[in-house]
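Per-entry structural report
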Amino acid sequence: MKRPVLGLLLGLLVIGLGTGVSARAELAGSAEVAEAAAAEMMTPAAERAAARGLNYLAARQREDGSFGSGAYRGNVAVTALVGMAFLSEGSLPNRGPHGDVTDRALQYILGQCRENGLILNPPSASRGPMYEHGFATLFLAECLGSTPRPDLREKLAAAAALIVNTQNAEGGWRYQPQKLDADISVTVCQIMALRAARNAGLHVPKETVERCIDYVRRSQNPDGGFRYMLIPGESGFARSAAGVVALYSAGIYEGPEIENGIRYLLDFVPQRGGLRQEPYYFYGHYYAVQAMWQRGGDAWLRYYPAIRDELIRRQSPDGSWPDPISPEYGTAMACLILQVPNGYLPIFER
């Protein structure tokens, strides 16, 4: 499918979270210009790297439509992220270069939806089922409107409702679908899923979003980074990138939280000739690329070419990117990062 047609189709899904119609209208023209310029940053080398990664993933899909290996075999978060990597290429369920792969991934995720709304494959569940649920919900929301599957909206609505109903008193979420404690990482995963669901036309209570953003704001340290929980703690790259994205997703585009957060993240721009080994490397840069894309300007121009070129250098001969979770996870995340300039995923829209 040609980019203009696909962009129009996916664009119809986007309803900004936390911004009014007039604000979106004012941003539309500049966003289109920025996206056109960003597309030029997707170099032939980056396109080849992403294509090799996607071909690697397509060959790793299991008969049931799932992805993942080792302890993460059939993990719904890994499968969802792989599915999103194919959406970022321009493949929709049963349409596009890998339409069949994308459709089978969607079918697998739908098959893991429980009656209470939780999306989980217990044999491959990590210690944090809400991570898996959040990414799976995000993938379902990104697919809504691109496939006639009659059960998609119903299961997406149930998944989003579970997130809303398990928000704790602090305004966040943690590993289990229960109103207990919260941490910034799981919380951002849930608010991004809710943003995608709202973008797709589902109702998300305003108070849920407001309480979540209050939690995120209170998690920011004076250095601009974000701590893991509300108790005193140090800042970290991955969770700080996620925190900034959460603020942008709520329609907070300027102010001290954004300025300090971006300044903190810019200290982690990959450097040529060096290979900094941050914990949660792919997770961190997955959110950082979104933060810098939302920021635009010099921050984007500094960050994207640096991470693009580093990922190209790190790619294995078979087209994958290794990661302790699984090569499918690392490869999906790398492809998502590389393909942000494509502008296909609604969740990446400005």
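The structure we're discussing is the one just above.
Residues numbered from 1 in each chain as written. Predicted model: local features only at pLDDT ≥ 70, side-chain atom pairs only at ≥ 80, totals over all residues. Heavy atoms only, no water.

**Quick word on the overall build of the chain**
Within the chain, the secondary structure is distributed over 14 helices and zero strands. Taken over 350 residues, the chain has a buried fraction of 59%. In the chain, 71% of the contacts between residues at least 6 apart in sequence involve partners at least 24 apart. About 14,000 Å² of surface is accessible on the chain, with carbon and sulfur atoms providing 54% of the total. (Helix = DSSP H or I, 4+ residues; strand = E, 2+ residues; numbered from the N terminus. Buried < 20%, exposed > 50% of the residue type's maximum accessible area, 1.4 Å probe, protein only. Contact = heavy atoms within 4.5 Å. Areas by Shrake-Rupley, 256 points an atom, 1.4 Å probe, with all protein chains shown as cover.)

**Quick notes on the packing of helix H10 (residues 237-249) against helix H12 (residues 281-295)**
Contact pair H10 / H12: the axes reach a minimum separation of 8 Å and the direction vectors enclose 40°. Once H10 is placed against H12, the crossing between them reads as left-handed. Residues Phe 237, Ala 238, Ala 241, Ala 242, Val 244, Val 245 and Tyr 248 of H10 touch H12, and the partners they reach there are Tyr 283, Gly 284, His 285, Tyr 287, Ala 288, Gln 290, Ala 291, Gln 294 and Arg 295. Split by residue class, the contact of H10 with H12 holds eleven nonpolar, four polar and one charged. (Axes fitted to C-alpha atoms, helices over the stretch in contact; angles between N-to-C directions. Left-handed = near helix turned anticlockwise from the far one by under 90°. Nonpolar A, V, L, I, M, F, W, Y, C, P; charged D, E, K, R; others polar.)

**Some points on unusual backbone geometry**
Notably, Asn 94 is not glycine yet its phi reads approximately 65°, a positive angle. Here Asn 94 is to be found in the loop between helix H4 (76-89) and helix H5 (99-111).

**Comments concerning the pattern of salt bridges**
Scanning the entire structure with this criterion turns up ten salt bridges. Here Arg 174 makes a salt bridge to Asp 183, at a shortest N to O gap of 3.2 Å. Judged by relative accessible area, which is 0%, Asp 183 ranks as buried. Measuring nitrogen to oxygen at the nearest pair gives 2.9 Å for the salt bridge that ties Arg 295 to Glu 259. Of this pair, Arg 295 sits in helix H12 while Glu 259 sits in helix H11 (residues 256-265); the two residues are 36 residues apart in sequence, bridging distant segments of the chain. Judged by its relative accessible area of 34%, Glu 259 falls in the partly exposed class. Among the charged side chains, a salt-bridge network with shared partners connects Arg 174, Asp 181 and Asp 183. (Salt bridge = Lys/Arg side-chain N within 4 Å of Asp/Glu carboxyl O.)

**Structural notes on the layout of surface pockets**
Of the pockets and cavities examined, the largest pocket occupies roughly 820 Å³. Of the residues belonging to the lining of the largest pocket, the class tally is 19 nonpolar, six polar and six charged. (1 Å grid on protein atoms, 1.4 Å probe; cavity = no way out; pocket = protein on both sides within 12 Å on 5 of 7 lines; lining within 4 Å. Points joined across faces, edges and corners; volume = space filled by probe spheres on them.)

**A few points about the nonpolar core**
The tendency in soluble globular proteins is for nonpolar side chains to be buried side by side. By size, the foremost hydrophobic cluster in this structure holds 115 residues, and its most contacted members are Ile 109, Phe 135, Phe 139, Leu 140, Tyr 286, Tyr 287 and Leu 311. When residues no more than four places from it in sequence are discounted, the contact partners of Leu 140 are Leu 106, Ile 109, Leu 110, Cys 113, Ile 119, Leu 152 and Leu 156. (Core = buried A, V, L, I, M, F, W, Y, C linked by side-chain atoms within 4.5 Å.)

**Topic: the packing of H4 against helix H14 (residues 327-338)**
Where H4 contacts H14, the axes come no closer than 9 Å and their chain directions differ by 30°. Considering their axes alone, H4 and H14 lie roughly parallel with respect to each other. The two elements H4 and H14 meet at a crossing, and its hand is left-handed. On the side of H4, the interface is formed by Val 78, Leu 81, Val 82, Met 84, Ala 85 and Ser 88, while H14 contributes Glu 328, Tyr 329, Ala 332, Met 333, Cys 335 and Leu 336. Residue composition of the contact of H4 with H14, grouped by class: ten nonpolar, one polar and one charged. (Parallel < 35°, antiparallel > 145°, perpendicular 65-115°, else oblique.)

**Remarks on the packing of aromatic side chains**
Scanning the model with the defined rule gives ten aromatic pairs in all. Measuring from ring centre to ring centre gives 6.3 Å for Phe 135 and Tyr 286, while their planes differ by 65°; the resulting arrangement is edge-to-face. Residue Phe 135 is located in helix H6 (residues 129-143), and its partner Tyr 286 is located in helix H12; the two are separated by 151 residues in the primary sequence. Of the two residues, Phe 135 and Tyr 286, both sit in the buried class. The interplanar angle of 15° and the centroid separation of 4.9 Å between the aromatic rings of Trp 300 and Tyr 304 together place this pair among those described as stacked. One end of the pair, Trp 300, and the other, Tyr 304, are both in helix H13 (residues 297-314), four residues apart, so they sit about a helical turn from each other. We note that Trp 300, like Tyr 304, is buried. Among the aromatic residues, ring-to-ring pairing joins Phe 135, Tyr 283, Tyr 286 and Tyr 287 into one connected group. (Phe/Tyr/Trp six-rings, centres within 6.5 Å; stacked < 30°, edge-to-face > 60°.)

**Describing the environment of Ile 325**
Relative to the helices and strands, Ile 325 resides in the loop between H13 and H14. Exposure remark for Ile 325: the relative accessible area of 29% places this residue in the partly exposed category. As for Ile 325 and Val 78, which are separated by 247 residues in sequence, their C-alpha atoms are 9.1 Å apart. What Ile 325 contacts, discounting residues up to four positions off in sequence, is Ser 69, Tyr 72 and Val 78.

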